[in-house]
Amino acid sequence: MNYASYLLKTLLRGISILAAVAVLTFVLSQISPVDPVETLIEAESPASPEQRAAIAAYWGLYDPPLERFVKWAGALLHGDMGVSAYFRQPVADVIRVHFANSLLLMSVSWVLSGVIGFVLGVAAAAYRGSLLDRGIKTYCLLMASAPAFWVGLLVLMVFAVWLDLFPIGLGTPIGVAAADVTWGDRLYHLVLPALTLSLTGVSQIALHTRQKLMDVLASDYVLFAKARGEHLWGIIRRHGLRNILLPAVTLQFGSISEIFGGSVLVENVFSYTGLGQVAMLAGTKLDLPLLMGVALCSGLFVFVGNMTANLLYPIIDPRIAQSLREGEPTHDC
């Protein structure tokens, strides 16, 4: 296939994935035991049966599920994602306001985890069997098995409570108007959530990079390079990095879904006002329009990450670019 058909195939698959996400989210919401009317009623002001019926009728909860889904999908095609029952605002506005904070958090954490994980993996492979290698492996295995919220609680307790170096939560200072919040304030409140996501995100890419580089260092052409007197780090720079970069990029872009899932937990631990908190509220309150919007937004976010990896493949590996020009089949993530 050529590059144009390769891109078209990726886009069509992405649309299919988003449609499947929408259908699955809607089906799961329908079989949920949560009563959406109950979540809309304040506990201190119980509603009468007539009021409950009026609320259900207002939000279309009496309509058949298929009819509700068709109405929602039709409105979505016209750019209308509906109105959030919890926030009483258009879903698009709620997502737009909160997604900016989450995007900043996830971007910083994603870059840090990728760079640190890649460096740790290269160092562990270069000094295989050493104390450094064993320490990196132990750290990666511990972080791979540690829940993000548990790591977040430890980071919060050490750096915010014991050492009092960073704020205990929130994405901006308390009592400061939004117009007066500076980028320094935002970055200051971002440190601990980003640190938590980075600590838990390095394990997979570090261990994978370590194994791939060890395979490269055990190859015949590396043994020949050693026989010619090349230094270890010169061999890694000339022969290792290009061979391990493509798998590392694939793994790093594939970790976007894990970063997003981890951010949901981390944002709730640190009370960070982002899309993770919105997703938690949409699920617990069964706010269907908001839940559908968040699911589509997260699916689109992950798809864009994977598509970006696909587009970077021909740039990183000339062999893939050559196969696309010659019309040969290739793999993608």
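Let me begin by describing the structure that accompanies this report. (Residues numbered from 1 in each chain as written. Predicted model: local features only at pLDDT ≥ 70, side-chain atom pairs only at ≥ 80, totals over all residues. Heavy atoms only, no water.)

1. A short note on the pattern of salt bridges
Selection rule: A pairing counts as a salt bridge when a side-chain nitrogen of Lys or Arg comes within 4 Å of a carboxyl oxygen of Asp or Glu. Under the DSSP-based scheme used, a helix requires at least four consecutive residues in state H or I and a strand at least two consecutive residues in state E, with every element numbered from the N terminus. Relative accessibility decides the category of a residue: with a 1.4 Å probe and only protein chains considered, values under 20% of the type maximum give buried, values over 50% give exposed, and everything between is partly exposed.
Inspection of every chain in the model, using the stated rule, returns three salt bridges. A salt bridge links D133 to R210, with the nearest nitrogen and oxygen atoms 2.8 Å apart. Placement of D133 in helix α6 (residues 131-145) and of R210 in helix α8 (residues 183-217) is noted, with a sequence separation of 77 residues between them. You can call D133 buried: its relative accessible area is 1%.

2. Comments concerning the packing of aromatic side chains
For clarity, the cut-off: For Phe, Tyr and Trp, where Trp contributes only its six-membered ring, two rings pair if their centres lie within 6.5 Å, and the inter-plane angle classes them as stacked under 30 degrees, edge-to-face over 60, or tilted in between.
As enumerated under the stated definition, the model contains six aromatic pairs in all. An angle of 35° between the planes, with centres 5.9 Å apart, marks the rings of F69 and W72 as tilted. You can see F69 and its partner W72 sitting in helix α4 (residues 65-77), three residues apart, about one turn around the helix. Take F69 and W72: they sit in the same class, and that class is buried. For the ring pair Y127 and W233, a centre distance of 6.1 Å and an interplane angle of 55° mean the geometry is tilted. Of the two residues, Y127 sits in the loop between α5 (91-126) and α6 while W233 sits in helix α10 (residues 232-254), which places them 106 residues apart along the sequence. Classification of Y127 by relative accessible area gives partly exposed; the value is 38%. Ring pairing ties together the aromatic residues F26, F69 and W72, which thus form one cluster.

3. Some words on the environment of R186
This is how the line gets drawn: Every residue pair with non-hydrogen atoms within 4.5 Å of one another is taken to be in contact.
Along the chain, the position of R186 falls in helix α8. On a C-alpha basis, the gap between R186 and L170 in space is 9.6 Å, while along the polypeptide they are 16 residues apart. Filtering out sequence-adjacent residues up to four positions away, R186 remains in contact with N101, G171, T172 and V181.

4. Brief notes about a nonpolar patch on the surface
Note the threshold: Each patch is built from residues lacking any salt bridge and having more than 30% relative accessible area; the joining distance is 9 Å for like charges and 5 Å for nonpolar side chains (Val, Leu, Ile, Met, Phe, Trp, Tyr). All accessible areas in this document rest on Shrake-Rupley with a 1.4 Å probe, and a residue is counted as covered only by the protein chains that are shown.
Among the surface-exposed residues, F149, W150, L153, L154, M157, V161, W162, L163, L165, I168, L265 and M280 lie close enough to one another that they form a single nonpolar patch of about 1,100 Å² accessible area. Per element, the largest residue contribution to the nonpolar patch is seven residues, and it comes from helix α7 (residues 148-162). Mapped onto the elements, L265 comes out in helix α11 (residues 256-269). Owing to a relative accessible area of 35%, L265 belongs among the partly exposed residues under this scheme.

5. A short note on the side chain of T209
Looking at the secondary structure, you find T209 in helix α8. The exposure class assigned to T209 is buried, which follows from its relative accessible area of 2%. Setting aside chain neighbours within four positions, we find T209 in contact with F118, G121, V122, I244 and A248.

6. Overview of the packing of α8 against α11
Helix-helix packing is characterised by the crossing angle of the two axes and by the distance between the axes. Threshold: Under this scheme, a helix contributes an axis fitted over its contacting stretch, all axes are lines through C-alpha atoms, and angles between N-to-C directions fall in the 0 to 180 degree range. If you view the pair so one helix is near and one far, a crossing is left-handed when the near helix is turned anticlockwise from the far one by less than a right angle, and right-handed when it is turned clockwise. Residue classes follow a fixed rule: Ala, Val, Leu, Ile, Met, Phe, Trp, Tyr, Cys and Pro count as nonpolar, while Asp, Glu, Lys and Arg count as charged, and any other residue, Gly among them, counts as polar.
Running from N to C, α8 and α11 cross one another at 145°; their axes reach a closest spacing of 10 Å. Between α8 and α11 the crossing geometry is right-handed. Residues P193, T196, L197 and Q204 of α8 form the contact with α11, whose own contacting residues are E258, I259, G262, S263 and V266. The residue inventory of the contact of α8 with α11, partitioned by class, reads four nonpolar, four polar and one charged.

7. Topic: unusual backbone geometry
What is expected of a backbone is that most residues other than glycine have negative phi and most peptide bonds are trans. With a phi close to 60°, R88 is a non-glycine residue in the positive phi region. Relative to the helices and strands, R88 is located in the loop between α4 and α5. The phi angle at D164 is positive, at roughly 55°, despite the residue not being glycine. Within the fold, D164 resides in the loop between α7 and α8.

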